[in-house]
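# A look at the structure
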Amino acid sequence: MNNPLQKLSQKIGYTFQDESLIELALTHRSKGGKNNERLEFLGDSIVNFVVAEALFEKFPQAKEGKLSRLRAGLVRGTTLAELGRDFDLGDFLVLGSGELKSGGFNRESILADAVEAIIGAIYLDRGMEATKERILAWYGDRLHELDLDAVIKDPKTRLQEYLQKHQGRLPKYEVQEIFGQAHDQKFKVSCWVEELPEVTVGVGTSRRHAEQSAAKKALKALGVEQ
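Analysis parameters
Residues numbered from 1 in each chain as written. Predicted model: local features only at pLDDT ≥ 70, side-chain atom pairs only at ≥ 80, totals over all residues. Heavy atoms only, no water. Pairing = 2+ DSSP bridges. Helix = DSSP H or I, 4+ residues; strand = E, 2+ residues; numbered from the N terminus. Axes fitted to C-alpha atoms, helices over the stretch in contact; angles between N-to-C directions. Contact = heavy atoms within 4.5 Å. pLDDT = per-residue confidence, 0-100. Salt bridge = Lys/Arg side-chain N within 4 Å of Asp/Glu carboxyl O. Buried < 20%, exposed > 50% of the residue type's maximum accessible area, 1.4 Å probe, protein only.

### As for the sheet that holds strand E1 (residues 172–179)
If you trace the three strands from one edge of the open sheet to the other, you get E1-E2-E3, paired in antiparallel fashion. Looking at strand neighbours, the two that pair on one side only are E1 and strand E3 (200–204), the edges of this open sheet. Averaged over all pairs of adjacent strands, the angle between their axes in this sheet comes to 25°, without regard to strand direction. Two strands pair when backbone bridges link them, and E1 and strand E2 (residues 186–192) are joined in this way by seven bridges, in the antiparallel orientation. Looking at E2, one finds that Lys172 is bridged to Trp192. Against the sheet, helix H11 (residues 207–221) engages E1, E2 and E3, with an angle of about 145° to E3.

What follows is the structure in structure tokens.
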């Protein structure tokens, strides 16, 4: 195994028997030819299952709704991208020239997809038990720190509940701009809150992500969150 892959193996705590799997997992579709999209599909299903099982066991009295919210927070793109940054995954990605020039090695969606692809690759390399062990190791602190009584709702929900509690008008969201390549679009969304002098603006890889970002900024501007 060459040095870059040895370094990555140390970071993720796993050495591949079949090196071609990790090489494929690191190859973004912008490179052309074979890429990590199929492995990403597989890894997405696996991480959802493993995290769901861990939450099911950790919180035996929790109802489905709370478990679903906890799982959503753990498997969302932001969290997966954080794992990718923990591994310095951007240093190992194989990207097309366009993505290289635009800083794709640090893009949240690309990092998140690559983490899922690595999970899929580990599964094909050594089966479910090895994959589960790695996922639980990566999520160790996050799972340990979870508190069922402090399930954090998404920013849009928190903003709406805050405004309703204070008899305010509901926020209004508007898409200001959609930009980027067809396969990698970005959404720019504004959030209007009557109590604030200016709208807040969020950018994300989907309209929902952009709205969540704008809502989070509105909560901060209202002094609800730091």
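Back to the write-up after that little detour.
### Quick notes on the environment of Lys58
For Lys58, the location among the structural elements is in helix H3 (residues 37–58). Each C-alpha atom, one on Lys58 and one on Leu146, is 9.4 Å from the other, the two residues being 88 residues apart in sequence. Ignoring anything within four residues of it in the chain, the contact list for Lys58 reads Leu143, His144 and Leu146.

### Re the confidence of the model for the chain
Fine structural detail should not be taken from predicted coordinates in areas where pLDDT scores are low. Across the chain, pLDDT averages 89, with 95% of residues at or above 70. At the low end of the mean pLDDT range in the chain sits helix H6 (residues 97–101), at 78; at the high end sits H3, at 97.

### What to know about the pattern of salt bridges
Per the counting criterion, the structure on display carries nine salt bridges. Close ionic contact of Asp86 with Arg142 constitutes a salt bridge, the shortest N to O distance being 4.0 Å. Here the residue Asp86 occupies a position in helix H5 (residues 77–86), and Arg142 occupies one in helix H9 (residues 140–145), the gap between them amounting to 56 residues. Relative accessible area serves as the criterion here: at 23%, Arg142 is assigned to the partly exposed category.

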